[in-house]
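Close look at the chain arrangement
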Amino acid sequence: WRAVHVLLKPGVTDPVAQSTTAAIADMGLEAEAVRTLRKVWFAGLDDAALATLCTKLLANDAIEQVIVGPLPFARLELGSPYEFRLVTVPLRSLDDDGLARLSREGQLYLSLTEMQTIQAHFRQLDRDPTDAELETVAQTWSEHCSHKTLAGRIAYRGPDGAREFRNMLKETIFAATGEIRKTLGDDDWCVSVFADNAGIIRFDDDYNVVFKVETHNHPSALEPYGGANTGIGGVIRDPLGTGMGAKPIANTDVFCFAPPDTPPEEVPAGALHPRRVIKGVVSGVRDYGNRMGIPTVNGAIYFDPRYLGNPLVFCGNVGLIPRSQSFKEARAGDYIVAIGGRTGRDGIHGATFSSAELTHHSESLSGGAVQIGNAITEKMLLDVVLAARDRGLYHAITDCGAGGFSSAVGEMGETIGAEVWLDRAPVKYKGLSYTEIWISEAQERMVLSVGPDQWQAFSDLCQSEGVEATIIGKFVPTGRLKLKYGDHEVADLTMEFLHGGRPPVVREAVYDLPAERALEWNAAATADFTETVTKILGSWNVASKHWVIRQYDHEVQGGSVIKPLVGVNNDGPSDAAVVRPVLASRRGIAIACGMNPCYADFDTYHMAASAIDEAMRNCVAVGADPARIAILDNFCWGNTERPQTLGSLVRAAIACYDVAVALGTPFISGKDSLNNEFRYEDADGRSHTIAIPASLLISALGQVDDVARCVTMDLKQPGNLIYLVGATYDELGGSHFARVHGLGGGRVPKVDPQRAKVTFAAMHAAIAAGLVRACHDLSEGGLAVALAEMAFAGGWGATIDVAKAPQSIDANQAAEAVLLFSESNTRFLCEVPAESASAFEHLLAGVAHARVGQVTDASRLEILSGERPVVSAELSALKASWLAPLDW
Amino acid sequence: MAQPRVLILRAPGANCDLETEYAIACAGGLAERWHVNRLLEAPRRLADYQILCIPGGFSYGDDVAAGRILGNQLRHHLAECLQEFKAAGKLILGICNGFQILLKSGVLLPLADDLTGPATLAWNASGKFEDRWVPLVVSSSKSVFFAGIESMYLPVAHAEGKFVPRDEPLLRSLETNGQIVLRYGTNAALNGPLPMAPTVAYPENPNGSLADVAGICDSSGRVCGLMPHPERHIDPTQHPHWTRASLPAAGDGLRVFQNAVGYFR
């Protein structure tokens, strides 16, 4: 037998060890240091097999070390003392090659123009920069922190003509919100958009709600558990760092993975197998969200082979904040106070790394950017911040995200000036240099602006809850950022150069619309529609996600109204989640999302429009008021230095503008993650690149006046009528019907925003009037799949006639396939009691709708075309195929 | 007597304290949330309260074992005042993590001389954290908290909730003393003797608890621990099926808190 020890690498956060150290001390015993490890015994394995097992299964080299045989150390190393040494970088003397090499090898990931700008600046100052100065600029100018590409100058040519953008985001996404707010006038319910760490909108007379969704893709690719863990931990700090601090009330998590059945031999070096990624990501979100006591109520998972090596992990958080606490202002003379976790080497270069493309070397190159979070540290931080907020013990707060202190202090002091005393920051272990302290992305830290008159009370409060709070500097009205370590000055930059000195990024963007091809019909596709429904229900995207959902606490905080799983057996797929953030009130918020990477290859304009429509109809389906829905954009794209890739993004942004304005649905916050590509070399040393499909996530935050009016998607009562609302078109392009039958071509679903607006309003009126017993939106899989889900969720059968469906499709032999499986937007299925039928039809008068059938007690799904049965199945069979794939 | 005072004990990682405070307020109690550090500074203050409630969450991250570290703190630093609290005929309720803490600290059932517990809450049979609603039956009239309640529908949300008694005699004594007060499933009859195994199938028994035990009380009936979350079923719109029927006046969980508060009225 051989013993194998798996330990976290020194410096990687070890929450259990932290708690244990405290517990040992509490028992009056002494312990110098604690580390946890896993110990496994093996027999009959040769070294090679053992090595493979260790790397593929037991440990992840990004954060863990494997020791075969007895542990080689007598005591646990705690780092060696740091001797100060000022490091200056000979920048002025470098030629262009030198600048490029420095940017690459120093992991600054700055363009040559940017390096030249920095060089010119320091030549002007007649000195070379210190490493801290260079790092500070790199962090501040990173794609992650400044979104320089999308906020940059873009010359765009596409099917919608040529456009010159001076700031693409401002002229599309932001502009839409601006116009909507102008139209709303005095009724404007947006409070703060694209300004703070999260968008803020009005909730009721006392509170506002805030919403932010972030991505943590590259860390999750290298270490799925830690990446997702710190992803959710990070986005929770966004609402907490918004205004004077919002109380997190709900999480939403959306993932994109390669299919779990990807053959191991097809997984390139440097990439983890999708199954390992999925299990790691889900556990990471579970352990952090559950420990924080924040219900994870909404989410989605999409599968595509192109997410291999570069999965997408979207983590979102909704917060509740008193209206009077929605704004903040750091003040000259205030202390810069760091609270929460200590600073270590964690995540160094995360900000710049997340702007870089992943390669099969990333694992070793950027390992330092990967880390583990400690949810309890953040929960303590959360408790103390809200208490201090309500006692008025600080003037401003922000989170330490990418870039660590460097970004947090830089942003907070942008209009004032700051002096930071780096040697005062509490560190996890000895040996950190001033620069490491400055750019470390150690988790669970916030930075506050605390007035000298507030400090004592603030510090006492933190102490009483066991939270470390330390003065690390002062905001001073100099317009400069000065860093000191002891008596040594290690950086002195003007805020002006830091925030205004970056040369604008100028990019070409081209979008060539792929030629529309007819759907490649084949005989099998139309042979047996019952089998097709079953297949789609059992496909990765549509299949039940209960294995994931049940591992998340979606009830904590006691406000759950519409749960992610609904119906007679609590296992039907809800369209959106509804929670009551104020327990004494029946006013609620609805949280939903829309995304469809399958449409990206057809036209990113319609992909974006469809995503917005889906997010909206999900909210409307549960009873949210369409006139009060705010949305977020998260663009995850490939390398936008390719004009075609950037073009497909601009095309999507233009759609966002068009649809948002037409619907009167404002964007209030957003984020982009570019360079989502994975580069690797195959066995013969040939280099390959896998670029993800253009992926736009739209997250929606709706509002419900009285949650007792909400509806769920499960069928309720035999005899009730079933209505189909919205017209069906020949739009099978990118559909799940096309997917399961391997059919290329076809028309991608489009959105008619004007008609959508009317439809959403009419649907809301009907639901608010209490006329609808069940409502489900039509999305992946179209009509047949939506009806099947409603039926097996409710435990009642359904019989409908597709020939009655409102439609506008040119007669062809496959008309039935189109009616059953087309994914046309803005459609709903509604269960309406006979006595409410006329009132329902009256409210829907202006909208395409038809009574297509009724709820039965037969526990069968029967779909006819006129007289002829086209789908006939036992609900139990349909449900079984839907439950099976991800029942892990 | 006036409004009973309830001390909700929160520790780093406790996260159900606010909704528990709300549930107690709905039941007519006067709840205050105390950080454990405050109580460690002034243990005597506990005497000012009639009810002690340890809420759900992940005290100290559940590191080492669920409830272990806070359990140790109670045992090392608060044993005496907790003993007096019990002796004074007052009530102690532990929900989810609070149940784990009461067991590990010996407040609910006495520990053996070697400090091992007579029973524990082990990892779920499914091996993972699970959030789901389960049917529950009150299987004994001994506990103050469940007086007059026959059955409830409440959510569980935990990774370590599988009730495992040390041995059959222990289970037998709990059973004969009526200390097994809450069980998973719908079958009210304690068709004992209870076996050292689950009799209700997953997922109705969500964690594989032996004898389907969801909650127990001490020999007095005034100290009680349960894994399900009554504070998560106060408003009727929390019931997973509320859209399928007409709204009742209140959620099943409210009665538990009303019983506790009513005990002092």
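Cut-offs and rules
Residues numbered from 1 in each chain as written. Chains lettered and ligands numbered in written order. Predicted model: local features only at pLDDT ≥ 70, side-chain atom pairs only at ≥ 80, totals over all residues. Helix = DSSP H or I, 4+ residues; strand = E, 2+ residues; numbered from the N terminus. Buried ≥ 20, exposed ≤ 12 C-beta atoms within 10 Å, placed from the backbone. Contact = placed C-beta atoms within 7 Å. pLDDT = per-residue confidence, 0-100. Nonpolar A, V, L, I, M, F, W, Y, C, P; charged D, E, K, R; others polar. Axes fitted to C-alpha atoms, helices over the stretch in contact; angles between N-to-C directions. Parallel < 35°, antiparallel > 145°, perpendicular 65-115°, else oblique.

1. A closer look at the overall build of chain A
- What chain A contains, in helices and strands, is 28 helices and 37 strands.
- With the C-alpha coordinates aligned to their principal axes, the bounding extent of chain A is approximately 90 × 75 × 60 Å.
- Looking at chain A as a whole, 59% of its 888 residues are labelled buried.
- Intrachain contacts of chain A at a sequence separation of at least 6 include 82% that bridge at least 24 residues.

2. Some points on the confidence of the model for chain A
- Overall, the prediction assigns chain A a mean pLDDT of 94, with 97% of residues at 70 or greater.
- Per-residue pLDDT stays below 50 along residues 363–367 of chain A; that stretch engages in 8 contacts with residues further than four places along the chain or on separate chains.

3. Focus: the environment of Gly215 of chain B
All names here are of chain B.
- Tracing the sequence through the fold places Gly215 in strand β10 (residues 213–217).
- C-alpha separation for the pair Gly215 and Ala112, spaced 103 residues apart in sequence, amounts to 21 Å.
- If sequence neighbours within four positions are ignored, Gly215 has contacts with Val181, Leu182, Cys224, Gly225, Leu226 and Met227.

4. Examining the interface of chain A and chain B
- On the side of chain B, 37 residues touch chain A, which itself brings 41 residues to the contact.
- Contributions of two or more residues to the side of chain A that touches chain B are made by α1 (15–26), α10 (274–292), α13 (375–390) and β21 (560–562) of chain A.
- A class-by-class count of the residues in the side of chain A that touches chain B yields 18 nonpolar, 13 polar and 10 charged.

5. Points about the environment of Leu247 of chain B
- Position of Leu247 of chain B relative to the elements: it lies in the loop between β11 (223–226) and α6 (254–262).
- For Leu247 of chain B, a count of 12 C-beta atoms within 10 Å gives the class exposed.
- Separated by 143 residues in the primary sequence, Leu247 of chain B and Lys104 of chain B place their C-alpha atoms 39 Å from one another.
- Setting aside residues no more than four positions away along its own chain, Leu247 of chain B makes contact with Ala708 of chain A together with Pro236 and Trp242 of chain B.

6. With respect to the packing of helix α5 (residues 131–141) of chain A against helix α14 (residues 404–412) of chain A
Residue and element names in this part refer to chain A.
- In the contact formed by α5 and α14, the axes pass within 9 Å of each other and the chain directions differ by 70 degrees. If you check the angle between α5 and α14, you find them roughly perpendicular. In contact with Glu135, Thr136, Gln139 and Thr140 of α5, α14 contributes Ser406, Ser407 and Gly410.
- Among the residues making up the contact of α5 with α14, the classes are represented as no nonpolar, 6 polar and 1 charged.

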